[in-house]
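One-letter residues, chain by chain:
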Amino acid sequence: MFCGKMGAGKTTKSLEVSHERNAVLLSEDEWLTSVYPDSIKTLEDYVKYAGRLKPQMKKLAQSILAAGTNVVMNFPANTIPQREWFKSIFS
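Residues numbered from 1 in each chain as written. Predicted model: local features only at pLDDT ≥ 70, side-chain atom pairs only at ≥ 80, totals over all residues. Heavy atoms only, no water.

Colleague: Before we move on, can you summarise the overall build of the protein with the specific residues and values?
Modeller: What the protein contains, in helices and strands, is four helices and two strands. Seen in sequence order, the protein has helices and strands lined up from the N terminus as α-β-α-α-β-α. Here the C-alpha radius of gyration of the protein, 13 Å, is about what a compact globule of 91 residues would show, namely 12 Å. With the principal axes as the frame, the protein shows a C-alpha extent of 35 × 30 × 25 Å. Buried positions account for 30% of the 91 residues belonging to the protein. Restricting the contact set of the protein to residue pairs at least 6 apart, pairs at least 24 apart contribute 53%. A total accessible area of about 6400 Å² is found for the protein, and carbon and sulfur atoms account for 56% of it. Separation between the mean location of the 12 positive side-chain charges and that of the 9 negative ones in the protein comes to 6 Å. (Helix = DSSP H or I, 4+ residues; strand = E, 2+ residues; numbered from the N terminus. Rg over C-alpha atoms; globule rule 2.2 N^0.38 Å. Buried < 20%, exposed > 50% of the residue type's maximum accessible area, 1.4 Å probe, protein only. Contact = heavy atoms within 4.5 Å. Areas by Shrake-Rupley, 256 points an atom, 1.4 Å probe, with all protein chains shown as cover. Lys, Arg positive; Asp, Glu negative; His and termini not counted. Charge placed at Lys NZ, Arg CZ, Asp CG, Glu CD.)

Below is the structure:
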């Protein structure tokens, strides 16, 4: 898990680690932009659409892990519920 402020290099580091470990990189920003283009204008929009994305991302990550492949997830985890969601993926 990488922690830091916006612009600190977390995305760059997650990409680097995914290459080093031959892992699948799942990026919330990329998925939100692809699945909900031009839909996120406010914090409320982000919460709404990220909430819709999380169940599928959890299933995808678990399927990849079950297949024996590493996963690097570039998702925020700055709140307790977000960290609990991460834990639920591998628990």
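Colleague: Describe the pattern of salt bridges, with residues and values.
Modeller: Between side chains of opposite charge, a pair can form when the charged atoms approach closely. According to the stated counting rule, one finds two salt bridges in the structure shown. Glu16 serves as the salt-bridge partner of Lys13, at 3.0 Å between the closest nitrogen and oxygen. Of this pair, Lys13 and Glu16 both sit in helix H1 (residues 10-20), three residues apart, which is roughly one turn of the helix. (Salt bridge = Lys/Arg side-chain N within 4 Å of Asp/Glu carboxyl O.)

Colleague: I'd like a rundown of the nonpolar core, residues and numbers included.
Modeller: In globular proteins that are soluble, nonpolar side chains generally tend to be buried together. Judged by nonpolar contacts, the single largest core of 15 residues is most densely connected at Leu32, Met73, Phe75, Trp85, Phe86 and Ile89. Of all the secondary structure elements, the ones that give two or more residues to this core are helix H3 (43-66) and helix H4 (80-90). For this core, the leading source of residues is H3, giving six residues. Those residues in contact with Phe75 that sit more than four places away from it in its chain are Leu26, Ser27, Glu28, Lys54, Met57, Trp85 and Phe86. (Core = buried A, V, L, I, M, F, W, Y, C linked by side-chain atoms within 4.5 Å.)

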